Amino acid sequence: MQDKELAKSILQKVGGEENISNLTHCATRIRMNLKDDSKADLESISKLQGVLKAQNQSGQTQIVIGARVKSVHDELSNMVNVPSSNDQESKKSKLGFKGSVNAVIETIAGVFSPILPVLVACGLTKAATSIMVNFNWLENESNIVIFLNMIGDLVFYFLPFFLAVSAAKKFKTNEYIALALAGAYMYPTIMDGAKAISETGIKSLDLFTLPVLFVNYKSSVIPIILSVWVMSYIHRKVDKIMPHFLKIFFTSMVVILVMVPLQLIVLGPLGTYIGEGLAEFIQWFYETGGVFSAILLGATRSLLTMLGMHYALAPLQIQEIAQTGSSYILVSALTANMAQAGAALGVFFAIKNKSAKSLAASTSFPAFLGITEPAMYGVNLKYKRPFFIALGASAVSSAFLYFFNAKSTAYAPPGLFTLPIFEADSFVYIIIGVIISATLACVGTYFFGIAKKDNIVENIEKKEETTITEKATIPSSKVSIPVESPIKGEIIPLNEVPDAAFAEEAMGKGIAIQPTEGKVFAPFDGTVETVFRTKHVIALKSNDGVELLIHIGVDTVKLQGQHFNVLVHEGQKVTAGELIAEFDIEAIRKAGFPTITPVIITNTMEFLDVLPTRNSGTVSQGEHILSIIL
């Protein structure tokens, strides 16, 4: 599905333009505030081709897309005119909504999401510079390194300016006044005064007997966000009472004259104390909890990412680095990312279905680079077990790294390319920790991550979005294990089934039958392995170890069990010729679904070959239709 088409479908399924009050995006997901969340059909959005997951978290509708997110967001932005702040914006996007924790998290995410690309760019530049210095490719004091360090520090040194713009957009207020407030924090009088405290002993200057503290606001987070939030209310109040003919002259001036003293005397120091308190709390948390704190952070980091709450940690991590020079929290993000990547790689090795293998491989690579949501939503959460195995692997690795004092010295998405921002007693421990996290998750997923039924019914609900691929007719051969026809009807070559998952033998080799009678019989002596919840799929296993899938009709999953009657249950023993299911052929066809029924050997790879006895003609129930060559 093209970006424009996908954006159009999303817009329709969230209730249209009139239901959107705020729209933004982060590295992998579109984030929007809706006036009425009940109008959004999240289940339908999740099923769109190109969407990994749609959910409502922290009072916000989040649509996880992956690498295409910016282009889809841009197409969506072109289709809507998001209301201004004085329109009916959802109040839950405001920081002051009854002190709601969800609102705070959503607000922080909304402020940091727009500046994420430049944070990543500068963080990667710092990492690349560190690599070149560590490998002695460049001298640490060379002009090139000085220049690269300057680039790497741009966003972090002047972070209040970047946050001022994104916060102003978030709080729907004047961006240029917000920049002026950031300029007040970074003004030489304040910054130079802060640097000279140790020499002069002067900690503030007096303004009407009130102290304006000299504080180094470089890399600070909370002061500017707090100031812009307060300014958004003051600006609206002043603009409301100011006569129209004076607004252009005096509104901005009054706001600045009120805000700059307020922020330098009250808000800035308050935000600084909060930031310092958070950094000290993190250190206390690690010192008190020790390895158990590391385990807890490692085990829960991916859960925060899944809930969209990981951006709420960004200011904590940046504040921690600004305050102490390093961050412990980011280590857990590294182990979590490597574990999710390793789990997706384990799915690649364990799953039988070709399309699932391709998805697991393609999502594990960006996960190793720090973008884990495609792997989490597209693969690991889909099979459930890999996701939780990854949580355990991350916890183990995080505990290991704790013992060697691992921490990060800069902020960037943790991945293989940004490993140089991490340090420990020896860098080799960082490498070992990454290997532990990825390997444990990969091996654990390979052996325990994929349930047997997932390998059997994979791609059953796949929509018919691809065309039939022509395949050569399989010649008949000597019988080793015979399989009887479970249905009376007309034999159809598998490559003529209007579903690529079957036609391309992605699920295994077999045959298809156009039924003339709505009855299904056991094709051999064996056990019922799976009865799909919508009753249109039955999986059986013969006493000889042949695993067979009977899929009644194409895309009949949409009937939700209507017109089907299954007469057996999972785990039940059956004998060849026993009636196991019934279905209403005419009702299914009237509903618009083909009744052609694939009969697939899902463990084809365990045998030398699977050959149909013939590729056309009528067949009666009980006739020999497949030969399993040992």
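Residues numbered from 1 in each chain as written. Predicted model: local features only at pLDDT ≥ 70, side-chain atom pairs only at ≥ 80, totals over all residues. Heavy atoms only, no water.

Visitor: Honestly, the pairing of strand β13 (residues 526–531) in this entry has me stumped. Any pointers?
Guide: Look at any regular strand and the pattern is simple: side chains alternate between the two faces of the sheet. Burial within β13 is extensive, with five of its six residues counted as buried. Where β13 and strand β14 (residues 537–542) come together, five bridges link them in antiparallel fashion. If you follow T530 over to β14, its bridge partner there is A539. Between β13 and the antiparallel strand that follows it, β14, lie five residues; K535 among them carries a positive phi value of about 70°. (Buried < 20%, exposed > 50% of the residue type's maximum accessible area, 1.4 Å probe, protein only. Helix = DSSP H or I, 4+ residues; strand = E, 2+ residues; numbered from the N terminus. Pairing = 2+ DSSP bridges.)

Visitor: Would you take a moment to explain the sheet that holds strand β12 (residues 519–521) for this structure?
Guide: In a beta sheet, neighbouring strands are held together by backbone hydrogen bonds and run either parallel or antiparallel to one another. Strand order in the open sheet made by the three strands is β12-β18-β16, with antiparallel pairing throughout. A single partner strand is all that each edge strand has here, and the edge strands are β12 and β16 (564–566). Between one strand axis and the next, the sheet turns through 15° on average, direction left out of account. Two elements, β12 and strand β18 (residues 579–583), share three bridges in a ladder whose sense is antiparallel. Looking at the pairing, V520 lines up with A581 of β18. (Axes fitted to C-alpha atoms, helices over the stretch in contact; angles between N-to-C directions.)

Visitor: Can you walk me through the nonpolar core in this structure?
Guide: Soluble globular proteins tend to pack their nonpolar side chains together in the buried interior. With 68 residues, the main nonpolar core has F112, L119, L163, I224, M259 and Y411 as its most contacted residues. Here the element with the most residues in this core is helix α11 (residues 222–241); it accounts for eight residues. The contact partners of Y411, leaving out residues within four places of it in the chain, are L119, G123, F156, A314, Q317, I318, I321 and L330. Judged by nonpolar contacts, the second largest core, of 36 residues, contains I552, F583, F607 and I628. (Core = buried A, V, L, I, M, F, W, Y, C linked by side-chain atoms within 4.5 Å. Contact = heavy atoms within 4.5 Å.)

Visitor: Just to check I follow, could you spell out unusual backbone geometry for this structure?
Guide: With the exception of glycine, the majority of residues adopt a negative phi angle, and the majority of peptide bonds are in the trans configuration. The phi torsion at K172 lies on the positive side, around 55°, for a residue other than glycine. As for its position among the elements, K172 is in the loop between α7 (159–170) and α8 (175–186). A positive phi is found at H563, a non-glycine position, where the angle reads about 75°. With respect to the secondary-structure elements, H563 resides in the loop between β15 (547–551) and β16. Assessed through its relative accessible area of 31%, H563 is described here as partly exposed.

Visitor: It is not clear to me how the environment of T602 should be interpreted in this structure. Could you clarify?
Guide: Locating T602 in the fold gives a position in the loop between β19 (597–601) and β20 (609–612). With 63 residues separating them along the chain, T602 and A539 place their C-alpha atoms 9.0 Å apart.

Visitor: Mind showing me how you'd approach the sheet that holds strand β9 (residues 481–484) here?
Guide: With antiparallel pairing, three strands are arranged side by side in an open sheet as β9-β22-β20. Each edge of the open sheet carries a strand with a single partner, namely β9 and β20. Each strand of the sheet is rotated relative to its neighbour by a mean of 25°, with strand direction disregarded. Of the pairings in the sheet, the one linking β9 to strand β22 (residues 624–629) comprises four bridges and is antiparallel in character. Considered in β22, the bridge of V483 is made with L626.

Visitor: Whenever I open this one, the packing of aromatic side chains confuses me. Can you help?
Guide: Both the distance between ring centres and the angle between the ring planes are used here to describe each pair of aromatic rings. Considering all chains together, one arrives at 15 aromatic pairs under this definition. Ring geometry for F348 against F349: centres 5.1 Å apart, planes inclined by 65°, an arrangement best described as edge-to-face. Overall, F349 belongs to the partly exposed group, its relative accessible area being 44%. Grouping aromatic residues by their ring pairs yields a cluster made of Y157, F158 and F161. Looking at R236, its charged tip hangs above the ring of Y233, at a distance of 5.0 Å from the centre. (Phe/Tyr/Trp six-rings, centres within 6.5 Å; stacked < 30°, edge-to-face > 60°. Lys NZ or Arg CZ within 6 Å of the ring centre and 35° of its normal.)

Visitor: Just to check I follow, could you spell out the packing of helix α15 (residues 329–350) against helix α16 (residues 354–368) for this structure?
Guide: Two numbers describe a pair of packed helices, the interaxial angle and the distance between the axes. Running from N to C, α15 and α16 cross one another at 160°; their axes reach a closest spacing of 8 Å. Our classification of the angle between α15 and α16 gives roughly antiparallel. Two packed elements cross with a definite hand, and for α15 against α16 that hand is left-handed. From α15, N337, M338, A341, G342, A344, L345, V347, F348 and F349 reach across to α16, where they touch K357, A360, A361, T363, S364, A367 and F368. Here the contact of α15 with α16 is composed, by residue class, of 11 nonpolar, four polar and one charged. (Parallel < 35°, antiparallel > 145°, perpendicular 65-115°, else oblique. Left-handed = near helix turned anticlockwise from the far one by under 90°. Nonpolar A, V, L, I, M, F, W, Y, C, P; charged D, E, K, R; others polar.)

Visitor: Can you help me understand helix α18 (residues 385–402) in this one?
Guide: For an α-helix the count is 3.6 residues per turn, leaving residues at separations of three or four pointing the same way. Look at α18: 26 Å from first C-alpha to last across 18 residues, which is about the 26 Å you get at 1.5 Å a residue. For α18, the set of buried residues is P386, F387, A390, L391, A393, S394, A395, S397, S398, A399, F400 and L401. Here the buried face of α18 lies against α13 (291–306), α15, α17 (373–383) and α19 (427–448). (Expected span 1.5 Å × (residues − 1).)

Visitor: Explanation requested: the packing of α13 against α18 in the structure shown.
Guide: Viewed as axis vectors pointing N to C, α13 and α18 meet at an angle of 145°, and their least axial separation amounts to 7 Å. Two packed elements cross with a definite hand, and for α13 against α18 that hand is right-handed. Of the residues in α18, those touching α13 at V291, A294, I295, G298, A299, S302, L303 and M306 are F387, L391, S394, A395, S398, A399 and Y402. For the contact of α13 with α18, a count of residues per class yields 11 nonpolar, four polar and no charged.

Visitor: Is there a simple way to explain the pairing of strand β1 (residues 20–25) in this structure?
Guide: Across the six residues of β1, six count as buried, placing the element largely inside the fold. Relative to strand β2 (residues 29–34), β1 is paired through five bridges, and the arrangement is antiparallel. Counterpart to I20 in the pairing with β2 is L34.

Visitor: Can you walk me through the confidence of the model for the chain in this structure?
Guide: When pLDDT is low, close inspection of the predicted coordinates is not appropriate. Mean pLDDT over the chain works out to 84, with 89% of the residues at or above the 70 mark. Below pLDDT 50 for its whole length, residues 457–479 participates in 59 contacts with residues either more than four positions away or in separate chains. (pLDDT = per-residue confidence, 0-100.)

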